[in-house]
Amino acid sequence: MEGNVMTETPQARRSRVLIVDDEPSLLRALESLLKKKGLDVVALESPIAATQQLAQEDFDVALLDIKMPELSGLELLNAVKHRRPEIEVIMMTGHATVETALAAVKAGAYDYLTKPFDDVELVARAVGKAAERKQLFDRNRELERQLSARAPAAGEGLVGTSPGIREVTRMIEAVAYSAATVLVTGESGTGKELVARALHARSPRRAQPFVALNCGALTETLLESELFGHVKGAFTGAQRDQKGLFDAADGGTIFLDEIGDIPPPTQVRLLRVLQEGEIKRVGAAESVKVDVRVIAATHRDLPKLVKGGKFREDLFYRLNVINIPLPPLRDRVEDIPLLAHHFLRRYAERLGKKVRSVAPETIELLSGYRWPGNVRELENAVERAVVLCRGDTILPSDLPPAITGRTAPLVREAPVGGDEAAWLSLSYAAAKEQALRRFEKGYVDALMKACDSNISAAARKAGMDRSNFKRVLRKYRTDVEPDTADEGGEVTRVTG
């Protein structure tokens, strides 16, 4: 989370959609539907006219029919991807086969819809998701441009344009000048020490020392000795006088991380420093004046610790003069592409690798992950990806399995009833697999309905071998017997 605060991208324009279908009634219906959704729509019956339009205008999403005169939908898909590879393409067909669907996906189609549509809102949702994906890729390219134009210096500030990070930056600028105590709160890995360093760097104390200590990493005796120093003979092993970190930070700033873990006796000593501006070394009789600004941080709930009697209330109020809460990475998803590119530059330079960019599909995976380890976990993931990357672009295969979903359990069915929380929390790979399962189930159900539940006829229509089709069907139907020699195979049906 180091670097400058980047400027926000301009307000997103309305997404532009190109619809190409030789059925005038359906074409106009889709045009009207998408315009009502606030999209800018161009509807054409001719695929040749569509190629000419693509040469003149930019589009975010293309909705293409597969069966058309002059030029097939797959040929038009190839033309779109050749001319404007960034456009997200959704294919539509009333003559669906598995081979056609696979060919469309292989050629770069984002989605594949089967006509007739039971619910036209399904089309609107598919176009909306494709438009969101295109906006993500556009933002990715804009971030690459920003980083190329202005490489941030390490430690200079916080990377991000999200409202949460902009508020943190505003607070830093507002309070850096003072000597008031600051308490930085947030989950582990959110960058609390970076906030402390930014406060020091912008303060009048910036020419003086900045000293950091993780309070949870030391025993009580060692912690007090580290903080306040000790005199000879104060405890076993204390063979000479030793100054502490408050002495070392005199005139500057001390950062006390994991302040919620300090034991009660140390809390008393720290309270005296904050109240009186003086320390007493372990084993000493006299106090020593120090001029130190204290910045503390914790991932723990201090008010809860106060109520439980584990943290002094008076110390809490002394520390919490100014509170700067840091949002978790999952609440600032819009910052992930910028952070990913920032860490890419850092580790490519450090490792001497010629990795220059992050693939859009990789950004999509990163943006869909929950990041329990926050920015620290993202940094580690990008470092690993740079190490493993064999080309100049980080691909999904370079990411840890936890992010790509390769270690995920067997996927569940997609949520129903509009509950999207579980769906959105999935990794990209798991969500993609669920989407494919939904498509496959809907496809075989539609085939069986169209063929009056005749398995052989449905298999022929799908362009599949009957036994292979039956294996697919048995994944979703419990009333299909194992593939044995059915009597009168050409008219075999299932019920239900």
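Keep in mind that what you see is a predicted model, and the values were worked out from it rather than measured.

Draft legend 1. Examining the pairing of strand 11 (residues 293-298) more closely. For strand 11, the tally of buried residues reaches 6 of 6 residues, placing the bulk of the element in the interior. Every second residue of strand 11 is oriented toward a common face, with Arg293, Ile295 and Ala297 on one face and Val294, Ala296 and Thr298 on the other, all of them buried. Pairing between strand 6 (residues 182-185) and strand 11: 4 bridges, direction parallel. Bridge pairing in strand 11 places Leu183 opposite Ala296. Judged from the 4 bridges that link them, strand 8 (residues 253-257) and strand 11 form a sheet pairing that is parallel. By the bridge assignment for strand 11, Ile254 is matched with Val294.

Draft legend 2. A look at the sheet that holds strand 6. As summarised here, the arrangement of the 5 strands in space is 7-8-11-6-12, forming an open sheet in which the pairing is parallel. Strands with a single pairing partner mark the edges of an open sheet, and in this sheet they are strand 7 (210-214) and strand 12 (322-325). Strand after strand, the sheet turns through a mean of 20° between neighbouring axes, direction not considered. Seen against the sheet, helix 6 (residues 163-175) touches strand 11 and strand 12 and runs at an angle of roughly 155° to strand 12.

Draft legend 3. Seen up close, a nonpolar patch on the surface. Taken together, the side chains of Leu351, Val387 and Leu388 present a nonpolar region at the surface, about 240 Å² in accessible area. For Leu351, the position within the fold is in helix 13 (residues 336-351).

Draft legend 4. Representation of unusual backbone geometry. With an omega dihedral of -5°, the bond running from Lys115 to Pro116 counts as a cis peptide bond. Within the secondary structure layout, Pro116 lies in the loop between strand 5 (111-114) and helix 5 (121-149). Phi at Asp452 is positive, roughly 55°, even though this residue is not glycine. The exposure class of Asp452 is exposed, given its relative accessible area of 52%.

Draft legend 5. Representation of helix 7 (residues 192-201). Across the 10 residues that make up helix 7, a large majority, 7, are buried. Looking only at helix 7, the buried set comprises Lys192, Leu194, Val195, Ala196, Ala198, Leu199 and His200. Buried positions along helix 7 lie against helix 6, strand 6, strand 7, strand 8, strand 11 and strand 12.

Draft legend 6. Seen up close, the side chain of Asn374. Tracing the sequence through the fold places Asn374 in helix 15 (residues 374-388). A distance of 2.9 Å separates a polar side-chain atom of Asn374 from the backbone nitrogen of Leu329. Discounting chain neighbours no more than four positions away, the residues touching Asn374 are Glu187, Ser188, Gly189, Thr190, Pro328 and Leu329.

Draft legend 7. Layout of the pattern of salt bridges. Tallied over the entire structure, the rule returns 26 salt bridges. Arg133 is paired through a salt bridge with Glu88; the nearest N and O atoms lie 3.0 Å apart. With Arg133 in helix 5 and Glu88 in strand 4 (residues 88-93), this residue pair connects regions lying 45 residues apart in the sequence. The same class applies to Arg133 as to Glu88, namely buried. Put simply, Arg332 and Asp335 hold a salt bridge, and the shortest N to O gap is 2.8 Å. As far as burial versus exposure is concerned, Arg332 and Asp335 are alike and both buried. Each member of the salt-bridge network shares a partner with another, and the members are Asp21, Glu23, Asp65 and Lys115.

Draft legend 8. Focus on the packing of helix 6 against helix 7. Where helix 6 contacts helix 7, the axes come no closer than 9 Å and their chain directions differ by 35°. The chirality of how helix 6 crosses helix 7 is right-handed. The segment helix 6 lies against helix 7, with Val168, Ile172 and Val175 engaging Val195, Ala198 and Leu199.

Draft legend 9. The environment of Val306, seen in detail. Residue position: Val306 is located in helix 11 (residues 302-307). Take Val306: its relative accessible area is 19%, and that puts it in the buried class. Note: C-alpha distance between Val306 and Gly260 (46 residues apart in sequence) is 9.9 Å.

Draft legend 10. Structural detail: the sheet that holds strand 4. As summarised here, the arrangement of the 5 strands in space is 2-1-3-4-5, forming an open sheet in which the pairing is parallel. Single-partner strands in this sheet number two, and they are strand 2 (40-44) and strand 5. In this sheet, adjacent strand axes meet at a mean angle of 15° when their direction is disregarded. Inspection of the sheet shows strand 1 (residues 16-20) paired to strand 3 (residues 61-65) by 4 bridges, in the parallel sense.

Draft legend 11. View of the nonpolar core. Counting 30 residues, the largest nonpolar core has Phe246, Ile254, Ile259 and Phe311 as its most contacted members. Listing elements by their share of this core, those giving two or more residues are strand 7, helix 8 (220-228), helix 9 (245-248), strand 8, helix 10 (264-276), strand 11, helix 11 and helix 12 (313-319). Among the elements that take part in this core, helix 10 stands out by supplying 4 residues, more than any other. What Phe311 contacts, discounting residues up to four positions off in sequence, is Ile259, Gly260, Ile262, Gln267, Leu302, Leu305, Val306, Phe316 and Leu319. One finds Ala348, Ala381, Ala385 and Cys389 within the second-largest nonpolar core, a separate group that totals 29 residues.

What counts as what
- Residues numbered from 1 in each chain as written.
- Predicted model: local features only at pLDDT ≥ 70, side-chain atom pairs only at ≥ 80, totals over all residues.
- Heavy atoms only, no water.
- Buried < 20%, exposed > 50% of the residue type's maximum accessible area, 1.4 Å probe, protein only.
- Helix = DSSP H or I, 4+ residues; strand = E, 2+ residues; numbered from the N terminus.
- Pairing = 2+ DSSP bridges.
- Axes fitted to C-alpha atoms, helices over the stretch in contact; angles between N-to-C directions.
- Contact = heavy atoms within 4.5 Å.
- Patch = residues over 30% accessible without salt bridge, like charges linked within 9 Å, V, L, I, M, F, W, Y side chains within 5 Å.
- Areas by Shrake-Rupley, 256 points an atom, 1.4 Å probe, with all protein chains shown as cover.
- Salt bridge = Lys/Arg side-chain N within 4 Å of Asp/Glu carboxyl O.
- Polar contact = N/O pair within 3.5 Å; in protein donor to acceptor, adjacent residues only side chain to side chain.
- Left-handed = near helix turned anticlockwise from the far one by under 90°.
- Core = buried A, V, L, I, M, F, W, Y, C linked by side-chain atoms within 4.5 Å.

Limitation: the analysis is restricted to geometry and does not speak to function.
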